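Survey of secondary and tertiary structure
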Amino acid sequence: MLSYLTRWVSRGAFQALKGASSRPQLVKTPHIGNQTLAAAPLPFTGGSPGVRQARALDQERLLQIDWDDGSCSLYPFTWLRDNCQCPHCTLQSAQARSLLFSNLDVHTGMDQVQLMDNKVGLEREYWDSSLQIPTADFQEVLHDDKAALAWLEALRRIGIVYLRGAPAEQGQVARLSQRIGYLRLTFYGHTWQVQDKPMANNVAYTSGELSLHTDYPALHHPPGVQFLHCVRQADQGGESEAVDGFHMAEQLRREDPEAFNILSSLRVDFTDSGADYCDFSVQSKNHIIDVDSEGRVTRINYNNATRDSVLDMPVHQVQPFYSSLKAFVELLSRPENVFTYRMEPGDLVTFDNWRLLHGRKSYLSRGQNSRHLEGAYLDWDEVMSRLRILQKAVRGDS
Ligand code: OGA
Ligand code: NM2
Ligand code: ZN
């Protein structure tokens, strides 16, 4: 119920409130002591401001809404719960409260704030092996703004979207990246060919298994988004795997807080050297689990193939580090967490490389005419830019 309640905190929903005609004062700054709580404030409907930001003030037990026009309102948790507009709590036909007072928890808390108006559904949704993978048509995404918007919103929310119906020939990831803006060049080229190659300069370019990894943790700013297009599939093997890394990191935080602390505070060395687009010698130090200043997980950086043998940490931390990584990898690999799929020629998978870990089973190589995926990287700034422009074009969002 609480999730519904929080969703309801949007401009449209406020207008559906009982008693919305009496318009309480707006507060310009959140001076909690000054605001009248006799009536919870409603937004200034004349100007129709949208919600810019919403956050829960847990100590004060208030939800703070910053409106687009610079004003700000405060909503007590208990009042929000009392005025939930969901069908269980409100009799729509009478616009009357059906929630019994005896069922009102006056100490209710808030675990999540979700905006469903112009920030519609961009909150991340965690998943496991039972993922119903969002799927779209490649041609529609290229030619139809609504389809492109739905694609990018799902990419942000779920972290992975499958596209079908691309021609089974090279060049499609570049076409798709033009739909956004431009792709991210790396030492592996503008786009890159995942094939079994002699003298492979990367384990991805063999027919071997790739255990769950994020791409390019050897860079301090790894690519945010990855496209992989299947040009040819193997006769045997080559199935794909994906795991929701943010979901797993949160699970690790609960199940094994010590391991979480170690993986989010110790910096691990990664290295990658060779020649491709040009010669390269790349080194980085990254947390396997990156968190922001509020403790939220922001990025997973892990590829066992490029993890350096240099381990720049005090010797007494080495064993706890290995044990923590073991716990994380064991959690990632549990069958209930891994979504498995098999790409066929013309399929193209797009995913959040900061959030997901992905892998592939080994395959039977036939030399030249063997399995062939073409890949490309993008960064989230460019993807989010296109998403905002499409939101405006399709829905008139500002
Ligand atoms: C890669 C990779 C997946 C595959 O090249 O980094 O993860 O299915 N490839 O070959
Ligand atoms: N490729 C696929 O971290 C990595 O080395 C990932 C990158 C070779 C461009 C593989
Ligand atoms: Zn990869």
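For the structure itself, look to the data block above.
Treat the numbers as computed from the prediction; the structure is a model and nothing was measured.

A closer look at the overall build of the protein chain
In terms of regular secondary structure, the protein chain is built from 10 helices and 19 strands. Sorting the 398 residues of the protein chain into buried and exposed places 33% on the buried side. Expressed as a percentage of contacts within the protein chain between residues at least 6 apart in sequence, the contacts between residues at least 24 apart total 76%.

Some points on the site of ligand 2
Inspection of the region around ligand 2 gives Tyr188, Trp192, Val194, Asn202, Ala204, Asp215, Tyr216, Asp272, Asn303, Thr306 and Gly375 as its neighbouring residues. Its residues assigned to classes, the shell around ligand 2 comprises five nonpolar, four polar and two charged.

Examining the site of ligand 1
For ligand 1, the full set of nearby residues is Val194, Ala204, Leu210, Asp215, Ser240, His358, Arg360, Leu373 and Gly375. For the shell around ligand 1, the secondary structure elements donating two or more residues are strand E18 (356-360) and strand E19 (372-378). Class assignment of the residues belonging to the shell around ligand 1 gives a composition of four nonpolar, three polar and two charged.

Some words on the sheet that holds strand E8 (residues 191-194)
One open sheet holds the six strands; their spatial order is E6-E7-E17-E10-E19-E8, and the pairing between them is mixed. Both outer strands of the open sheet, strand E6 (135-137) and E8, are each paired with one neighbouring strand and no more. Neighbouring strand axes in the sheet, compared pairwise and without regard to direction, differ in orientation by 25 degrees on average. As paired elements, E8 and E19 share four bridges and run antiparallel to each other.

Some thoughts on the environment of Ala166
Mapped onto the elements of the fold, Ala166 is located in the loop between strand E7 (160-164) and helix H6 (172-178). In the structure, Ala166 is positioned 63 residues away from His229 in sequence and 8.3 Å away in space, judged by C-alpha atoms. Not counting residues within four places of it along the chain, the set of residues in contact with Ala166 comprises Phe138, Gln172, His229, Gly346 and Leu348.

Section: unusual backbone geometry
The backbone of Arg61 sits at a positive phi, close to 60 degrees, despite the residue not being glycine. Within the element layout of this structure, Arg61 appears in the loop between strand E1 (51-57) and strand E2 (62-67). Despite not being glycine, Tyr216 has its phi angle at roughly 65 degrees, a positive value. Topologically, Tyr216 is positioned in the loop between strand E9 (210-213) and strand E10 (225-232). In this structure Tyr216 comes out as buried when scored by C-beta crowding, with 23 C-beta atoms within 10 Å.

Section: the nonpolar core
Judged by nonpolar contacts, the single largest core of 64 residues is most densely connected at Leu263 and Leu348. If we skip the residues at most four places from it in the chain, Leu263 touches His287, Ile288, Ile289, Ser324, Leu325 and Phe328. Leu62, Leu74, Tyr75 and Phe77 belong to the second largest nonpolar core, which has seven residues in total.

Some words on the packing of helix H7 (residues 245-255) against helix H9 (residues 318-333)
Between H7 and H9, the shortest axis-to-axis distance is 10 Å and the interhelical angle comes to 125 degrees. When the axes of H7 and H9 are compared, the pair comes out oblique. The crossing of H7 and H9 is right-handed. Where H7 approaches H9, its residues Met248, Gln251 and Leu252 are matched on the opposing element by Ala327, Phe328, Leu331 and Leu332. Class assignment for the residues of the contact of H7 with H9 results in six nonpolar, one polar and no charged.

Considerations on the sheet that holds strand E16 (residues 339-341)
The strand order E9-E18-E11-E16 describes an open sheet built from four strands, whose pairing is antiparallel. In this open sheet, the two strands that pair with only one neighbour each are E9 and E16. Put simply, the sheet's adjacent strands are angled 15 degrees from each other on average, direction ignored. The pairing of E9 with E18 spans two bridges and is classified as antiparallel. Note on E18: the bridge partner recorded for Leu210 is Arg360. Relative to strand E11 (residues 240-244), H7 is tilted by about 50 degrees, and along the sheet it contacts E11 and E18.

Some details on the packing of helix H5 (residues 145-157) against helix H10 (residues 380-395)
The N-to-C vectors of H5 and H10 enclose an angle of 135 degrees; their axes lie 9 Å apart at closest approach. Judged on the interaxial angle alone, H10 and H5 are oblique. In the packing of H5 onto H10, the handedness of the crossing is left-handed. In contact with Asp145, Lys146, Ala148, Leu149, Leu152, Glu153 and Arg156 of H5, H10 contributes Val383, Arg386, Leu387, Leu390, Gln391, Ala393 and Val394. The residue makeup of the contact of H5 with H10, split by class, is eight nonpolar, one polar and five charged.

Describing the environment of Ile288
Looking at the element boundaries, Ile288 is found in the loop between strand E13 (279-287) and strand E14 (289-291). Here Ile288 falls in the buried class, since 25 other C-beta atoms lie within 10 Å of it. Considered as a pair, Ile288 and Asp269 are 19 residues apart in the sequence and their alpha carbons are 9.9 Å apart. With residues near it in sequence (within four places) discarded, Ile288 still touches Leu263, Val268, Ile300, Asn301, Tyr302 and Leu325.

Remarks on the pairing of E11
Regular strands place side chains that alternate from one sheet face to the opposite one. Burial analysis of E11 places four of its five residues in the buried class, which makes it a mostly covered element. With five bridges joining them, E11 and E18 adopt antiparallel strand pairing. Within E18, the position partnered with Ser240 by the bridge is Arg360.

Rules used in this analysis
- Residues numbered from 1 in each chain as written.
- Chains lettered and ligands numbered in written order.
- Predicted model: local features only at pLDDT ≥ 70, side-chain atom pairs only at ≥ 80, totals over all residues.
- Helix = DSSP H or I, 4+ residues; strand = E, 2+ residues; numbered from the N terminus.
- Buried ≥ 20, exposed ≤ 12 C-beta atoms within 10 Å, placed from the backbone.
- Contact = placed C-beta atoms within 7 Å.
- Near = placed C-beta within 6 Å.
- Nonpolar A, V, L, I, M, F, W, Y, C, P; charged D, E, K, R; others polar.
- Pairing = 2+ DSSP bridges.
- Axes fitted to C-alpha atoms, helices over the stretch in contact; angles between N-to-C directions.
- Core = buried A, V, L, I, M, F, W, Y, C linked by C-beta atoms within 7 Å.
- Parallel < 35°, antiparallel > 145°, perpendicular 65-115°, else oblique.
- Left-handed = near helix turned anticlockwise from the far one by under 90°.

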